[in-house]
Amino acid sequence: MEHIDILMRNADWLITMNQERTIFQDGAVAIRQDRIVEVGKTEALAKRYEASEEIDCTDKVVLPGMIDSHVHSAFQMSRGLADEVGEQAFLFERMYPYEGCMDEKDTYWSATLCALELLKHGVTCFIDPGNYEIDQTAKAVEKAGMRCALSKSSLDIAKSGLGGLPDKFIETTDQALEKSEGLAERWHNKADGRIKVFFSFRGLNNSTDPLITGMKKLADKYNTGVQTHCAFAQKTRDVSLAQHGITEVERLYKLGVLDRNLVLSHLGWLSARELILLKENDVKGVACPSSSVHNGYGNLLMGTIPLLMEMGVPMGIGSDHASSGIIDICQEIRVVGTVLKEIRLDPKIMGPEKVLEMATVNGAKCALWDEEIGSLEPGKKADITIFDTQRPEWQPLYANPLVNLVYSATGSSVDTVLVDGKILVQGGRALSIDEEGVYKEVKRLKKGILEKTGLIEKIKPKWPIT
């Protein structure tokens, strides 16, 4: 018998997300070091392999580690600071002042809390659009043991049609490019290859043409990705038209930036021409449904997400930030899979198969990691999420585990998570992060954050407190 490190066996349902989208009943996964050796039926693999450790997956659903394709880890401690406000106030009165006051310690513990919530909800990899203490995010990810593509935030226009920026954000084009390249030198392909560095211009309306093209050149130089927020609200579209005479995607096309390594998040307010440009240039997109629903951006209402997917544009899914509430990719896929049905009056427009692709294979494409993650196949990384079905929200489980996963389960039913063949969550408890220690630090730091932001009077409930 061939020796392996881990044999996962007896899975009630094993969802591979391979090219054929094979689902095994009584499935098994053979793992050696950080790679998957074989996927198949338990009976066959048990005869072929002798494992140092076996994981019994009876009453479990096994699938590839899920991918959150857009989440601001530095915003994890902003939960409750920006509710019931529009996009302009959300950014310029709440989130930018919050982020502008975050120091290294605040950012590290915010990122650690984010990693904890992601892991416990079955996410093994995320794409972080950046902050201004991004080394602290990298350190938190490295210690947590998960996978991440991260960026330094960059803006070189201090004021746009939407508002002005905190002093901490303001830098020249050359400074932004130099600092971003420095981050790549320090962290790209580090932490045993679990950390990638993308290049980021945070928002188009606060970025000059040289910054945008400069970030794309750096991404090409390091053979990595470039990302930005795009078309997330009607106002951002209108500001682009006012400032440049063209829409955001058309501006990127004019600058020669639309390409296979460009990741655009939100993509709610797009014209027909922009849809075609994204498809023709193999751009990757990320939907952020709960963020739009929470803040009333209209991204789901405008209906571009199913159109982009129907056209073949790889669409990942992102929770965006804790200030929208949930950091739970299971709840994100339910939002996108149900709200679009209501808006389009079409119960078939976003089936569970399609939305699960957003959180796995499409997310891997967005992270430019699709050769190594996103599916359970021989040779790929052993990034795996296991759900416990012995919970009321999973029962009864008849003949299609995708239905239960998308429409009723939450990340709270995650039992086990592996990254690179290492168990990071077991029995629902994080092994690589001290949960109690994180909660203690967050409780200690939140008072200072409230004092620095001065938001306390704006976030109190309308009802009396005694």
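Structure's up top.
Notes on the structure follow. (Residues numbered from 1 in each chain as written. Predicted model: local features only at pLDDT ≥ 70, side-chain atom pairs only at ≥ 80, totals over all residues. Heavy atoms only, no water.)

The helix and strand inventory of the chain stands at 17 helices and 20 strands. For the chain, whose C-alpha radius of gyration is 22 Å, the value lies close to the compact-globule estimate of 23 Å for 466 residues. Counting only C-alpha atoms, the chain reaches 65 × 55 × 45 Å along its principal axes. Buried positions account for 62% of the 466 residues belonging to the chain. Taking all contacts inside the chain whose residues are at least 6 apart in sequence as the whole, residues at least 24 apart take part in 72%. Counting every atom, the chain has about 18,000 Å² of accessible surface; 50% of that belongs to carbon and sulfur. Counting 55 positive and 67 negative side-chain charges, the chain places the centres of these two groups 3 Å from one another. (Helix = DSSP H or I, 4+ residues; strand = E, 2+ residues; numbered from the N terminus. Rg over C-alpha atoms; globule rule 2.2 N^0.38 Å. Buried < 20%, exposed > 50% of the residue type's maximum accessible area, 1.4 Å probe, protein only. Contact = heavy atoms within 4.5 Å. Areas by Shrake-Rupley, 256 points an atom, 1.4 Å probe, with all protein chains shown as cover. Lys, Arg positive; Asp, Glu negative; His and termini not counted. Charge placed at Lys NZ, Arg CZ, Asp CG, Glu CD.)

Now for the layout of surface pockets. One number sums up the size of the largest pocket: a volume of about 290 Å³. For the largest pocket, the lining is made up of 20 residues, of which Arg21, Glu357, Val361, Asn362 and Lys365 are closest to its centre. Sorting the residues of the lining of the largest pocket by element identifies α13 (352–358) and α14 (361–366) as the ones contributing at least two each. Here the element with the most residues in the lining of the largest pocket is α14; it accounts for four residues. In terms of residue class, the lining of the largest pocket is built from eight nonpolar, five polar and seven charged. (1 Å grid on protein atoms, 1.4 Å probe; cavity = no way out; pocket = protein on both sides within 12 Å on 5 of 7 lines; lining within 4 Å. Points joined across faces, edges and corners; volume = space filled by probe spheres on them. Nonpolar A, V, L, I, M, F, W, Y, C, P; charged D, E, K, R; others polar.)

Interhelical geometry of helix α5 (residues 173–187) versus helix α6 (residues 209–221) gives an angle of 20 degrees and a closest axis separation of 10 Å. Comparing the axis directions of α5 and α6 gives the class roughly parallel. For the pair α5 and α6, the sense of crossing is right-handed. Here α5 contributes Thr173, Ala176, Leu177, Ser180 and Glu181 to the contact with α6, which in turn contributes Pro210, Leu211, Gly214, Met215, Leu218 and Lys221. (Axes fitted to C-alpha atoms, helices over the stretch in contact; angles between N-to-C directions. Parallel < 35°, antiparallel > 145°, perpendicular 65-115°, else oblique. Left-handed = near helix turned anticlockwise from the far one by under 90°.)

Our next topic: the sheet that holds strand β7 (residues 123–131). Spatially, four strands are ordered β6-β7-β8-β11 in an open sheet, and the strand pairing comes out parallel. With partners counted over all chains shown, the strands left at the sheet margins are β6 (66–68) and β11 (195–197), one partner each. When the angles between neighbouring strand axes are averaged without regard to direction, this sheet yields 15 degrees. Sheet topology places strand β8 (residues 147–152) next to β11; three bridges connect them, and they run parallel. In the sheet register, Ala149 faces β11, and the bridge partner there is Lys196. (Pairing = 2+ DSSP bridges.)

Let's shift gears to empty space enclosed by the protein. Summed over all chains, the structure comprises two cavities of 30 Å³ or more. A volume near 320 Å³ is recorded for the largest cavity. Looking at the largest cavity, it is lined by 24 residues, and the ones nearest its centre are Leu91, Tyr96, Arg202, His229 and Phe232. Of all the secondary-structure elements, those providing two or more residues to the lining of the largest cavity are α2 (87–101) and β12 (199–203). A per-element tally of the lining of the largest cavity places α2 first, with four residues. Across the lining of the largest cavity, the residue classes tally to eleven nonpolar, ten polar and three charged. As a volume, the second largest cavity reaches approximately 40 Å³. For the second largest cavity, the full set of lining residues is Ala74, Glu99, Met102, Thr107, Asn131, Tyr132, Glu133 and Lys168. For the lining of the second largest cavity, the per-class residue count stands at three nonpolar, two polar and three charged.

Glancing now at the sheet that holds strand β16 (residues 315–317). Ordered in space as β12-β13-β14-β15-β16, the five strands form an open sheet in which the pairing is parallel. Pairing within the sheet leaves two strands with one partner each, and these edge strands are β12 and β16. Averaged over all neighbouring strand pairs, the angle between strand axes comes to 25 degrees, with direction disregarded. In the sheet, strand β15 (residues 284–287) pairs with β16 via three bridges, with the strands oriented parallel. Counted as the bridge partner of Val286 is Gly316 from β16. Packing of α6 onto the sheet brings it into contact with β12 and β13 (226–230), and relative to β12 it is tilted by some 155 degrees.

For the rest of this paragraph, the subject is the pattern of salt bridges. Throughout the structure, instances matching the rule amount to 34 salt bridges. Measuring nitrogen to oxygen at the nearest pair gives 3.9 Å for the salt bridge that ties Arg35 to Asp34. Two residues, Arg79 and Glu117, come together in a salt bridge whose shortest N-O distance is 3.1 Å. One end of the pair, Arg79, is in the loop between β6 and α2; the other, Glu117, is in helix α3 (residues 104–120), with 38 residues separating them in the sequence. Assessed through its relative accessible area of 17%, Glu117 is described here as buried. What you see here is one network of salt bridges that share partners, running through Asp34, Arg35, Arg147, Glu372, Lys381, Asp383 and Asp420. (Salt bridge = Lys/Arg side-chain N within 4 Å of Asp/Glu carboxyl O.)

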